[in-house]
Amino acid sequence: MESRIAILGIFVYELDSANKINDLLHKYSRYIIGRMGIPYKDKQVSVMSVIVDGPNDVIGALSGKIGMLKGVSVKALYSKG
């Protein structure tokens, strides 16, 4: 299966969902190259970026599961090839 690099941009508006996100990232850790999270207290949001390298279906499954969490928004940006 062909592997692609993608960046997941995640906004967390409900801090209760942070543990669920971390559980999902742990489950998919073999595909994660790196991650960064910054709490932006003035706007009451945390912003995360997760860089992954894996098959399209795995990246889609991870972003879909994260996006289904309450108070969480996620978008995936894929590399060209």
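A quick note: this is a predicted structure, and the numbers were derived from the prediction, not measured. Each chain carries its own residue numbering, running from 1 in the direction its sequence is written. Residues qualify for local features only when their pLDDT is at least 70, as the model is predicted, and side-chain atom pairs are given and counted only at 80 or more; totals for whole chains, interfaces and linings, by contrast, use all residues. Processing note: side-chain calculations cover all non-hydrogen atoms of the structure and skip hydrogens and water entirely.

1. Some details on the nonpolar core
As a rule of thumb, nonpolar side chains are buried together in soluble globular proteins. To define a nonpolar core, start from buried Ala, Val, Leu, Ile, Met, Phe, Trp, Tyr and Cys residues and group those joined through side-chain atoms within 4.5 Å. Relative accessibility thresholds used throughout: buried, under 20% of the residue-type maximum; exposed, over 50%; partly exposed, between the two (1.4 Å probe, protein chains only). Grouped together as the largest cluster of nonpolar side chains are 19 residues, with contacts concentrated most on L8, I10, I21, L25, L62, I66 and V72. Put simply, DSSP H or I for four residues or longer makes a helix, DSSP E for two residues or longer makes a strand, and each gets a number counted from the N terminus. Contributing elements (two or more residues each) for this core: β1 (4-12), α1 (18-27), β3 (45-54), α2 (56-67) and β4 (72-78).

2. Observations concerning the sheet that holds strand β2 (residues 32-40)
The strand order across the open sheet formed by four strands is β2-β3-β1-β4, and the pairing between neighbours is antiparallel. On the outer flanks of this sheet lie β2 and β4, each paired with one strand and no other. Recorded for the sheet is a direction-independent mean angle of 15 degrees between the axes of neighbouring strands. Here nine bridges tie β1 to β3, and the two strands are oriented antiparallel to one another. Paired with V12 across the strands is S46, a residue of β3. Whether two strands pair comes down to DSSP finding at least two bridges between them. Here an axis means a line fitted to C-alpha atoms, over the contact stretch when the element is a helix, while the angle between two N-to-C directions is reported on a 0 to 180 degree scale.

3. Considering unusual backbone geometry
Even without a glycine there, the phi angle at Q44 is positive, about 55 degrees. Along the polypeptide, Q44 turns up in the loop between β2 and β3. The class of Q44 is exposed, set by a relative accessible area of 67%.

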